[in-house]
Amino acid sequence: MQPEKSNRYIYLISFIAALGGLMFGFDIAIISGAVPFIKEYFQLDELQLGWAVSSLLVGCIFGSVVAGKLSDRIGRKRLLIWIALIFAVTSIVTAIAQSFPLFIFGRLIGGLAVGAASVISPLYIAEVAPHFIRGKLVSLNQLAITIGIFVSYFINYMLHDIGEDSWRWMFASGAIPSVIFFGLLFLVPESPRWLLYAGRKLEALKIFKKIGGDNASLDDISSHERTAKNESGGLSDLVNPKYRKPLMVGIFLAVLIQITGINTVIDYAPIILKSAGETIDTALFQTFIIGFINFAFTFIAIFTIDRIGRKPLYIAGSIGMSLSLLLLSLGFFFDFVQGVYGLILLLLFIGFFAACIGPTFWVLLSEMFPGKIRGVAISVAVFTNWLMNFLVVLFFPYVLQNFGGGVTFGILSLMAALMIVFTVLFIPETKGKSLEEIDKQWLIDRAK
Ligand code: BGC
């Protein structure tokens, strides 16, 4: 295939795979609009309500753990097809649930699919992408997450006053993109790296040709094949001192991205804005604006990540997040956070996250691990991401209520400051390197 054509093809299949990210964003955010209705319908107390929200995340934790190994066994594409199917079915199950246990069942199983998608979509894209646009292509996954969040805020805003059944329509609407995702997946090929790993060299060769233009020479194939052959790492490899550093870096990246508070804003923006003095209607509308900025600013990363690199973006983002959080904290302490000022600070925080941190995090995870542990290591890091997400979302309302906005955002600001230090000291620059070169770089670092 001509290089231009093959690039178009790679964009197309990456877009389709990134729809897993769209479902991820949709599913985590749709609940925020449904909360008042399900509380009423199922007669929930505070704890049950917390469980209704966080049960999805419990599913995600498990989904991310099994996804890596499962996709090694059945293939990336086939697992994505299952994920799409589960998304569709569970959207309907939660929408029509007449009892709370059935509703929770739908959330838990839906969570399995979200967790699995969060591992497999970026992994698939990284495995089909040429290295010079890999950052851009994997960032599409984060763009899709932000579109999912934005669309669900929009649906929530549009449906919130159509009556007591509106929550059912909110959940049911998730079935539409799931079915489209399911159908489009039949157009994508299996990941060629996975095919090599599964010993299906001829099929892999065909796909490498299609995505690598006329340059897909046998040399390339055999270099991929050598790496793929080594890619049979299991859990036991994770304790090998050789892999300790990349694994720790991955785990800390996941801890930091969550404890700097992104999901306190994604899930609780209306509550934060209300506690800063807004009415609920205004708060819901402003949340919608936050969703838009989260989406729009992701383009900054898409267009810069392969040029200026991962590390400078991460440093800039951490500094911006830390400062906006510090100003928010001071705003609560000195009582100047009301009105447009609080909103601007939340937008600044989200803007820095979206432009620098969100996309880069997923790009780094998909490419930074040595080939041998890539599948399991991504699972471990993404598992940590969901676990921390769960804990932060669970405890945030309590901390905000008992310690106030000043202390809460002060702590988050400190965490973002820690992320600056961590980035400078430990994050590797992976821009412009093939996955095989990144692999070698860890060995060289270790030998130093
Ligand atoms: C994070 C999510 C977050 C989303 C916001 C993702 O990269 O993993 O936890 O909700 O970005 O856009």
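Residues numbered from 1 in each chain as written. Predicted model: local features only at pLDDT ≥ 70, side-chain atom pairs only at ≥ 80, totals over all residues. Heavy atoms only, no water.

Undergrad: Describe the nonpolar core, with residues and values.
TA: Core analysis: the largest hydrophobic core is formed by 128 residues, its most contacted members being L253, I290, Y314, W386 and F409. Broken down by element, this core gets its largest block of residues, 18 residues, from helix α17 (residues 374-426). (Core = buried A, V, L, I, M, F, W, Y, C linked by side-chain atoms within 4.5 Å. Buried < 20%, exposed > 50% of the residue type's maximum accessible area, 1.4 Å probe, protein only. Helix = DSSP H or I, 4+ residues; strand = E, 2+ residues; numbered from the N terminus.)

Undergrad: Outline helix α16 (residues 340-367), supporting the account with residue identities and numerical values.
TA: In this model, α16 (28 residues) spans 40 Å end to end at C-alpha, consistent with the 40 Å of a helix rising 1.5 Å per residue. Residue A354 marks the point of greatest curvature in α16, where the axis turns by about 50°. (Expected span 1.5 Å × (residues − 1). Bend = angle between axes of the 7 residues up to and from the residue.)

Undergrad: Hey, could you go over the pattern of salt bridges for me, with residue numbers and the actual values?
TA: Between side chains of opposite charge, pairing is possible as soon as their charged atoms come close. Taken as a whole and assessed by the stated rule, the structure comprises 7 salt bridges. A salt bridge links R134 to E367, with the shortest nitrogen-to-oxygen separation between them at 2.8 Å. One end of the pair, R134, is in helix α5 (residues 134-159); the other, E367, is in helix α16, with 233 residues separating them in the sequence. Each member of the pair, R134 as well as E367, carries the same accessibility label: buried. A network of salt bridges, in which partner residues are shared, links R134, D306, R310 and E367. (Salt bridge = Lys/Arg side-chain N within 4 Å of Asp/Glu carboxyl O.)

Undergrad: Break down the confidence of the model for the protein for me, citing the residues and quoting the values.
TA: Per-residue confidence for the protein averages 88 on the pLDDT scale, and 93% of its residues sit at or above 70. By mean pLDDT, helix α10 (residues 218-230) is the weakest element of the protein at 56, and helix α3 (residues 76-96) is the strongest at 97. For residues 213-218, every residue scores under 50 in pLDDT, and the model assigns this stretch 9 contacts once sequence neighbours within four places are set aside. (pLDDT = per-residue confidence, 0-100. Contact = heavy atoms within 4.5 Å.)

Undergrad: Quick one: what's the story with a nonpolar patch on the surface, residue by residue and with numbers?
TA: A cluster of nonpolar side chains, namely I319, L323, L326, L327, L330, F333, F334, F336, Y398, F403, V407 and I411, defines an oily patch on the protein surface of about 1,100 Å² accessible area. Of all the elements, helix α15 (residues 310-333) adds the most residues to the nonpolar patch, at 6 residues. Along the chain, the position of L326 falls in helix α15. (Patch = residues over 30% accessible without salt bridge, like charges linked within 9 Å, V, L, I, M, F, W, Y side chains within 5 Å. Areas by Shrake-Rupley, 256 points an atom, 1.4 Å probe, with all protein chains shown as cover.)

Undergrad: Outline the packing of α5 against α16, listing residues and values.
TA: Think of two packed helices as two axes; the pair is described by the angle between the axes and how far apart they sit. Between α5 and α16, whose axes approach to 8 Å, the crossing angle comes to 120°. In this view, α5 runs oblique relative to α16, as classed from their interaxial angle. You can see that α5 and α16 cross each other, and the crossing is right-handed. Residue-level inspection shows R134, G135, V138, S139, Q142 and I145 of α5 in contact with α16, the latter providing F353, G358, P359, W362, V363, S366 and E367. (Axes fitted to C-alpha atoms, helices over the stretch in contact; angles between N-to-C directions. Parallel < 35°, antiparallel > 145°, perpendicular 65-115°, else oblique. Left-handed = near helix turned anticlockwise from the far one by under 90°.)

Undergrad: So what's going on with the packing of helix α12 (residues 262-275) against α16? Which residues, and what values?
TA: Axis separation between α12 and α16 bottoms out at 11 Å; the angle between their running directions is 165°. In terms of orientation, α12 and α16 fall into the roughly antiparallel class. Considering how the two elements wind past one another, α12 and α16 form a crossing that is left-handed. Where α12 approaches α16, its residues I262, V265, I266, I272 and L273 are matched on the opposing element by L343, L346, F349, I350 and F353.

Undergrad: Quick one: what's the story with the site of the ligand, residue by residue and with numbers?
TA: Every residue close to the ligand is listed here: I28, Q142, T146, I149, Q258, N263, I266, N294, F353, W362, N385 and N389. Contacts to the ligand include N263, whose side-chain N or O atom sits 2.5 Å from an oxygen atom. Starting from 310 Å² of accessible surface for the ligand in isolation, the protein chains cover 100%. For the shell around the ligand, the secondary-structure elements that each account for two or more residues are α5, α12, α16 and α17. Here the residues of the shell around the ligand are counted per class, giving 5 nonpolar, 7 polar and no charged. (Near = heavy atom within 4 Å. Polar contact = N/O pair within 3.5 Å; in protein donor to acceptor, adjacent residues only side chain to side chain. Nonpolar A, V, L, I, M, F, W, Y, C, P; charged D, E, K, R; others polar.)

Undergrad: Describe the packing of aromatic side chains, with residues and values.
TA: Enumeration according to the criterion identifies 28 aromatic pairs in this entry. Measuring from centroid to centroid gives 5.8 Å for F154 and F288, while their planes differ by 35°, and the two rings are tilted. Of this pair, F154 sits in helix α5 while F288 sits in helix α13 (residues 280-296), placing them 134 residues apart in sequence. Between F422 and F426 the ring centres are 5.4 Å apart and the planes differ by 40°, which places this aromatic pair in the tilted class. (Phe/Tyr/Trp six-rings, centres within 6.5 Å; stacked < 30°, edge-to-face > 60°.)

Undergrad: So what's going on with the environment of G68? Which residues, and what values?
TA: Of note, G68 is situated in helix α2 (residues 46-74). Setting aside residues no more than four positions away along its own chain, G68 makes contact with R76, V119, G375 and S379.

Undergrad: Give a description of the side chain of E190 that names residues and reports values.
TA: Structurally, E190 can be placed in the loop between α7 (175-184) and α8 (192-197). For the buried residue E190, which engages in no salt bridge, the nearest side chain bearing the opposite charge is R76, 5.7 Å off. From its side chain, E190 meets the backbone nitrogen of R76 in a polar contact 3.2 Å long. At a separation of 3.1 Å, a polar atom in the side chain of E190 contacts the main-chain amide nitrogen of K77. Not counting chain neighbours up to four residues away, the residues in contact with E190 comprise G75, R76, K77, R78, Y124, L195 and I207. (Lys, Arg positive; Asp, Glu negative; His and termini not counted.)

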